[in-house]
Amino acid sequence: MHSSVWLSFLGLSFLGGVALVSFIPVVSAALLWVILLGTVILCVSVWRGTFGDSREGVRRRLIGVLIGLCTLAFACGMWRFDAVATLYSRLAVFADRRAGDAPVSFLFHGFVDGAFVSRGNDGAFPFYITAAQAGDRIVAIRERVLVETGPLPAYTPGTRMQIDGNVALAGERDTWLLRDGIRIKLRATQIQEYAHEPYEISLMQRVRMHSLRLVIGVRSLFERAIRASVPEPASALIEGVLLGTRQFLPDAIREAFRITGMTHILAVSGYNISVVGAGVLALLLRWIRRRQAFWATLAVLVLFTLMTGASASVVRAAIMGGLLFFAQSYGRLPYLTNALILAACAMVFVQPFVLRYDVGFQLSFLAVIGLSWGAPLIARSLERTRVPPIIHEPLAATLAAQIAVLPVILVVFGSLSIAAPLANILTVPVVPLVMAAGFVAGMLAIIIPPLAPLVGIPAWVGASYILWVVERISSLPGASVGVSLPWWGGLLLAIGIWGAWKYLSRSYATMASS
């Protein structure tokens, strides 16, 4: 058995341990029993007297060793999630403190650690606390929290300030916080900016502040340039496609995207990056070689990641998409699965909550698996139809990604878009063109502002076409139906999809050999 197969089994076992404890609370004694079981299996398998020295005995011994190591890797996954889940937050002692009926406020120092997000009449932003103050005493605390405040002003990342506010623990419904390791919400009652901190901060924290300020500053400049070059609502769509920003899209358009199963192009996840990247790669392959097209596509992904703010979820999605395109361009598809599993293990080890709470991570992993396993199979099937060859590759990529992410969509969103394949076929091939035109329009609008309305015409045409298709298809009767599955139902559906893929793969292999 090849060493890469061993690594894949060990990685899947680790992910399985994290997944089990993510959904089912397990007592510490259960973890000890799993460790004991794995140790016993490993010791019994290693001992020569168990299976003997024959060729069959050695094979069984290796299988036993693999089972024992996988059991220990499973236990390691259980331990890692439990260790992070029970990690003590020093700010937890301030949570939900009250003096009579009024909540108690505390004073914290730090800096804005992410983009400001408006939510109706309220706003929120990530805040990195470097110190907590009680009277004249300042205690060093290093923790990232979410500050909830009013809609204005939109504070710039890296801004240093002190916040007086009430502390609360993030709940089970705050999945978007838990996936990034944020445990605390701070409801601000008073915010005061200052130019110089009353305490020293480390060099790494200063680098982090200035990096955030640079990245978010470039993103804000680019957003303003797009709005200056492309009229609404097309500019809002281009911002969604390029930057993952949805707040400027009208509610009716957002609902149309949901009905048609097109929200993936508005969410920066591996699903978005994989489908869009596949379109960019297919477009470049018409003029340059595959390996050159890969490096150009990779540059687009890096730029895409930086422009969206380089959040943890976007970086994870970009890694998944980059691995797929590397395997396609360098003929390493047989090893792609192993690379994806190892990359997923590394990401989950750093932040175990992403396996349960980060839908973008789940879509990223499944979409890349679908594109690597399912797209070639679907493309081969399309060759037997009357579908024009020019759309074989984008159509196969779209259908493969849709099928792969179906279990997560039904479990998390509870709806099945019947019109999704049609909407994706008509719009996804245009998305890379809209991205390119929107990016060029934004850049030229920054460099030569008077030309902004003129250079934005191609991007406006492409975005308007996408909006027209989505709105028309969403109005069709039965475009979307409500289908909700429990987590175990999604697991059974995923197993069924995998079984269908294995059956079709063997059928095509048999036909090719005969």
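Bear in mind the structure is a predicted one, so any value in this text is a computation, not a measurement. (Residues numbered from 1 in each chain as written. Predicted model: local features only at pLDDT ≥ 70, side-chain atom pairs only at ≥ 80, totals over all residues. Heavy atoms only, no water.)

Caption draft 1: Representation of the packing of helix 2 (residues 28–46) against helix 4 (residues 55–85) in the model. Packing of helix 2 against helix 4 brings their axes to within 8 Å, and their N-to-C directions diverge by 160°. On the basis of their axis angle, the class for helix 2 and helix 4 is roughly antiparallel. Of the two elements, helix 2 crosses helix 4, and the hand of that crossing is left-handed. Contacts between helix 2 and helix 4 pair Leu31, Val34, Ile35, Leu37, Gly38, Thr39, Ile41, Leu42, Ser45 and Val46 from the former with Arg61, Gly64, Val65, Ile67, Gly68, Leu69, Thr71, Leu72, Phe74, Ala75, Met78 and Trp79 from the latter. In terms of residue class, the contact of helix 2 with helix 4 is made up of 15 nonpolar, 6 polar and 1 charged. (Axes fitted to C-alpha atoms, helices over the stretch in contact; angles between N-to-C directions. Helix = DSSP H or I, 4+ residues; strand = E, 2+ residues; numbered from the N terminus. Parallel < 35°, antiparallel > 145°, perpendicular 65-115°, else oblique. Left-handed = near helix turned anticlockwise from the far one by under 90°. Contact = heavy atoms within 4.5 Å. Nonpolar A, V, L, I, M, F, W, Y, C, P; charged D, E, K, R; others polar.)

Caption draft 2: Structural view of the nonpolar core. Of all hydrophobic cores here, the largest spans 33 residues; its most connected members are Leu237, Ile238, Leu242, Phe257, Ile265 and Ile466. Elements represented by at least two residues in this core include exactly helix 6 (203–229), helix 7 (234–243), helix 8 (251–259), helix 17 (431–447) and helix 19 (457–474). Those residues in contact with Phe257 that lie beyond four places of it in its chain are Leu237, Met262, Thr263, Ile265, Leu266, Ile466, Leu467 and Val470. With 31 residues, the next largest nonpolar core counts Phe14, Val34, Val84 and Leu177 among its residues. (Core = buried A, V, L, I, M, F, W, Y, C linked by side-chain atoms within 4.5 Å. Buried < 20%, exposed > 50% of the residue type's maximum accessible area, 1.4 Å probe, protein only.)

Caption draft 3: Region of interest: the confidence of the model for the chain. Looking at the chain, the pLDDT average stands at 78 and 83% of residues meet or exceed 70. For the chain, the element scoring lowest by mean pLDDT is strand 1 (residues 98–99), at 64; helix 19 scores highest, at 90. (pLDDT = per-residue confidence, 0-100.)

Caption draft 4: Structural detail: the packing of aromatic side chains. Tallied over the full model, the rule gives 4 aromatic pairs. With a centroid separation of 5.4 Å and an interplanar angle of 75°, the aromatic rings of Phe81 and Phe353 are classed as edge-to-face. With a gap of 272 residues between them, Phe81 in helix 4 and Phe353 in the loop between helix 12 (333–350) and helix 13 (354–357) connect regions that are remote in the sequence. For the pair Phe81 and Phe353, a shared accessibility class is recorded, and that class is buried. (Phe/Tyr/Trp six-rings, centres within 6.5 Å; stacked < 30°, edge-to-face > 60°.)

Caption draft 5: Region of the structure containing helix 19. Here helix 19 spans 26 Å end to end across 18 residues, near enough to the 26 Å set by a 1.5 Å rise per residue. Looking at the buried residues of helix 19, the elements they touch are helix 7, helix 8, helix 16 (420–427) and helix 17. (Expected span 1.5 Å × (residues − 1).)

Caption draft 6: Spotlight on the pattern of salt bridges. Applying the stated criterion to the full structure yields 5 salt bridges. As a salt-bridge pair, Arg227 and Glu223 come within 3.7 Å of each other at their nearest N and O atoms. With a gap of 4 residues between them, Arg227 and Glu223 both fall in helix 6, about one helical turn apart. Here Arg254 ties to Asp251 by a salt bridge, and the two come within 3.4 Å at their closest N and O atoms. With a gap of 3 residues between them, Arg254 and Asp251 both fall in helix 8, about one helical turn apart. For Asp251, a relative accessible area of 60% gives the class exposed. Salt bridges linked by common partners bring Glu223, Arg227 and Glu239 together as one network. (Salt bridge = Lys/Arg side-chain N within 4 Å of Asp/Glu carboxyl O.)

Caption draft 7: Examining the pairing of strand 8 (residues 184–193) more closely. Both strand 6 (residues 137–149) and strand 8 contribute to a ladder of 3 bridges, which runs parallel. The partner of Glu148 across the bridge, within strand 8, is Arg187. With 9 bridges joining them, strand 7 (residues 160–169) and strand 8 adopt antiparallel strand pairing. Pairing of Asp164 across the sheet is with Gln190, part of strand 8. (Pairing = 2+ DSSP bridges.)

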